[in-house]
Amino acid sequence: MSMDVKTVAKVASLARIRVESDELDKYSRELSGILKWIEMLDNVNTDSVEPLANVANIELKQREDVVSDGNYQQAVLKNAPESLQGYFAVPKVIE
Amino acid sequence: MAYLIRGETGDWEMVIGLEVHAQITANSKLFSGSATDFGSEANTQVSFVDAAMPGMLPVLNQYCVEQAVRTGLGLNAAVNKYSVFERKNYFYPDLPQGYQISQFLHPIVGKGVVEIDLPDGTTKEIGITRLHMEQDAGKSVHDMHPKKSFVDLNRSGSALMEIVSEPDIRSPEEATAYITKLRMILRYLGTCDGNMDEGSMRCDVNLSMRKPGAPFGTRCEIKNVNSIKAVQMAIDYEAQRQIEVLENGGVIKQETRLWDPAKGETRSMRSKEEAHDYRYFPDPDLLPLTLTDELIARIKATLPELPDEKKHRFMGDYGLSLYDAGVLIAERERADFFESAAKGRDAKLCANWVLNELLGRLNKDGKTLSDSPVSAENLGGLIDRIADNTISGRIAKDVFAEMMDSGTTADSIIDAKGLKQVTDTGAIEAVIDSVMAENPQMVADYRGGKDKLFGFFVGQVMKKSGGKANPAAVNDLLKSKLDG
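This is a predicted model, so every value here is computed, not measured. (Residues numbered from 1 in each chain as written. Chains lettered and ligands numbered in written order. Predicted model: local features only at pLDDT ≥ 70, side-chain atom pairs only at ≥ 80, totals over all residues. Heavy atoms only, no water.)

Participant: Help me understand empty space enclosed by the protein, please; the structure alone is not making it clear to me.
Facilitator: To find leftover empty space, one rolls a probe the size of a water molecule over the atoms. Residue and element names in this part refer to chain B. This structure, assessed with the given rule, holds one cavity of 30 Å³ or more. Of the volumes computed, that of the largest cavity is approximately 70 Å³. The wall of the largest cavity is formed by Val49, Asp50, Leu95, Pro96, Gln97, Tyr99, Gln100, Gln135, Asp136, Ser156 and Gly157. For the lining of the largest cavity, the class distribution of residues is four nonpolar, five polar and two charged. (1 Å grid on protein atoms, 1.4 Å probe; cavity = no way out; pocket = protein on both sides within 12 Å on 5 of 7 lines; lining within 4 Å. Points joined across faces, edges and corners; volume = space filled by probe spheres on them. Nonpolar A, V, L, I, M, F, W, Y, C, P; charged D, E, K, R; others polar.)

Given below as structure tokens:
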């Protein structure tokens, strides 16, 4: 499987990563190479193998429904580029 | 009766499926230990998990899982013992993770069914496609600053159930009936408070039009439809819009549209188009969720009596009409109140008092049943005094009004005000005699054939006795004296 320039541009935009147009060709080649390498796995017959969620034999951890966290507004907002009146302030987004 | 819309080229039928997002009633969030109360100060109910700080890991809230299972069982649905949390990827300022943890290929609940009650007294089954658990996003506020949007993450990470219906709905009335019944079931189960004003229940409408009997047309998804009234208005608007497009030779483009309640219209959300590439994949931070038969059986054993069962029992055991039973079961609390008031009493009389007097008065006073000054026990006490002829139905209304003001019992009011009904025939006869003596002409007219005057005499006797004379005794005695 190869990844053309158009797909690279689309994936970059979905991931909000800026890729300049003169870089697209390079990434297309590199990503295609990676995909091709992974394609080796197709040589293994997995018809009778169940998907594996984890290699250790553990179950999903669950917790009790108890309030045990939160209530630290200042800490939550600390890394925000801008905050006002206890809110994150971002450029206006409106439909 | 099919609900059809007449267009220029003939009749059109609507095909509707609803996606309801219901916030799961729980103390803490789906994957973190922060609180879920509504209306708290911005960003106070946020943990580092909800704010998506690097390295934070989600840990599943066991109670939310049980709530989802409970809801599935209440919707007569298949509970899947194996389900998987996946990441639904998109960017929006109120989604700090850049993805929503949701369920996609393997939801926790599969196909089910809800029976809806239509205004004409018939019922219809609406299929449930699936129910899955997911995280809620935060909230953007656009009107607090001229150039900025404000983001509050208090809701971020709260547990939601997305309940998807089959495209079985054919009219705005059916859509309303479906949401009403779904809300009722969730409230009975205690899995969602159903409060649409606070956003605990939100609705997306999928709608397409077709000629009756034709295959399904292309649908549009309408978002932001957040009240029952808005559902009806959005459906009416969108149906007309699609008919117009189709009749003018156009084609419906499958798209997401936004309901604008201020303008009363739906409009295309272009930004959503590209975002539709959600690139779901299993969340590597969470293992698949497996449920045991024991857990499902344990939850099943604690299910309450659901609205439809209760309605049929009220009709069968108490002889109530479909309408009265329907109003009483609309809220679980109301049904419980009625049952404790009606215990060992005339159930129809109790139903009348609860429905006409109590609910009417509470509504007038802007109160709910939970802050009713008259308890079920005290209402029952009042009804006992009607049943044993201590007071008439008319006096009972005065006593009831007094009970609503003071919160005391019927007996104490009857005693204090001396309202006990007069059944002593001697006393009633004396009143009748004086009324007849004061109105000789009326007596003569009545005896001359003006039967209708009987009501006048009853009225005068009741008035003179302060309403306390037993009406049946008054009727009997008056008749024999006037005719005699």
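Participant: Looking at this structure, I do not really get the domain arrangement of chain B. What am I missing?
Facilitator: The extent of an interface is frequently quoted as the accessible surface area lost upon association of the parts. All names here are of chain B. Here chain B is partitioned into domain 1 (4-299), domain 2 (305-417) and domain 3 (425-483). Just the C-alpha atoms count here: the centres of domain 2 and domain 3 sit 33 Å apart. Listed by partner, the interface residues are four residues for domain 2 and four residues for domain 3. Of the roughly 260 Å² buried where domain 2 meets domain 3, counting both sides, 51% is carbon and sulfur surface. The interface formed by domain 2 and domain 3 includes zero salt bridges. If you look at where domain 2 meets domain 3, you find zero residue pairs in polar contact (both at pLDDT 80 or more). Residues belonging to the side of domain 2 that touches domain 3 are distributed by class as follows: one nonpolar, two polar and one charged. (Domains from an automatic or database assignment. Contact = heavy atoms within 4.5 Å. Buried area = accessible area lost by both parts, 1.4 Å probe. Salt bridge = Lys/Arg side-chain N within 4 Å of Asp/Glu carboxyl O. Polar contact = N/O pair within 3.5 Å; in protein donor to acceptor, adjacent residues only side chain to side chain.)

Participant: How should I be thinking about helix α9 (residues 347-364) of chain B in this particular structure?
Facilitator: Helical periodicity: at 3.6 residues per turn, an α-helix aligns residues three or four positions apart in one direction. Residue and element names in this part refer to chain B. In a regular helix each residue adds 1.5 Å, so 18 residues correspond to 26 Å; α9 covers 24 Å between its end C-alpha atoms and thus fits that length. Considering bend angle alone, the principal kink of α9 is centred on valine 354 and spans about 30°. Contacts from the buried residues of α9 go to α6 (307-318), α7 (322-329), α8 (332-342), α10 (376-387) and α11 (393-406). Positive backbone phi, approximately 65°, marks glycine 366, located one or two places after α9. (Helix = DSSP H or I, 4+ residues; strand = E, 2+ residues; numbered from the N terminus. Expected span 1.5 Å × (residues − 1). Bend = angle between axes of the 7 residues up to and from the residue.)

Participant: Explanation requested: a nonpolar patch on the surface in the structure shown.
Facilitator: All names here are of chain A. Taken together, the side chains of Leu31, Ile34, Trp37, Ile38, Met40 and Leu41 present a nonpolar region at the surface, about 640 Å² in accessible area. The residue leucine 41 is located in the loop between α2 (24-38) and β1 (62-63) in this model. When its relative accessible area of 60% is taken as the criterion, leucine 41 is described as exposed. (Patch = residues over 30% accessible without salt bridge, like charges linked within 9 Å, V, L, I, M, F, W, Y side chains within 5 Å. Areas by Shrake-Rupley, 256 points an atom, 1.4 Å probe, with all protein chains shown as cover. Buried < 20%, exposed > 50% of the residue type's maximum accessible area, 1.4 Å probe, protein only.)

Participant: I would appreciate a short explanation of the environment of Ala159(B) in the present structure.
Facilitator: Residues and elements named next belong to chain B. Locating alanine 159 in the fold gives a position in strand β11 (residues 159-165). Residue alanine 159 is classed as buried on the basis of its relative accessible area of 2%. In the structure, alanine 159 is positioned 70 residues away from asparagine 89 in sequence and 18 Å away in space, judged by C-alpha atoms. With sequence-adjacent residues up to four places away left out, alanine 159 is seen in contact with Ala22, Gln23, Ile24, Leu30, Cys64 and Glu134.

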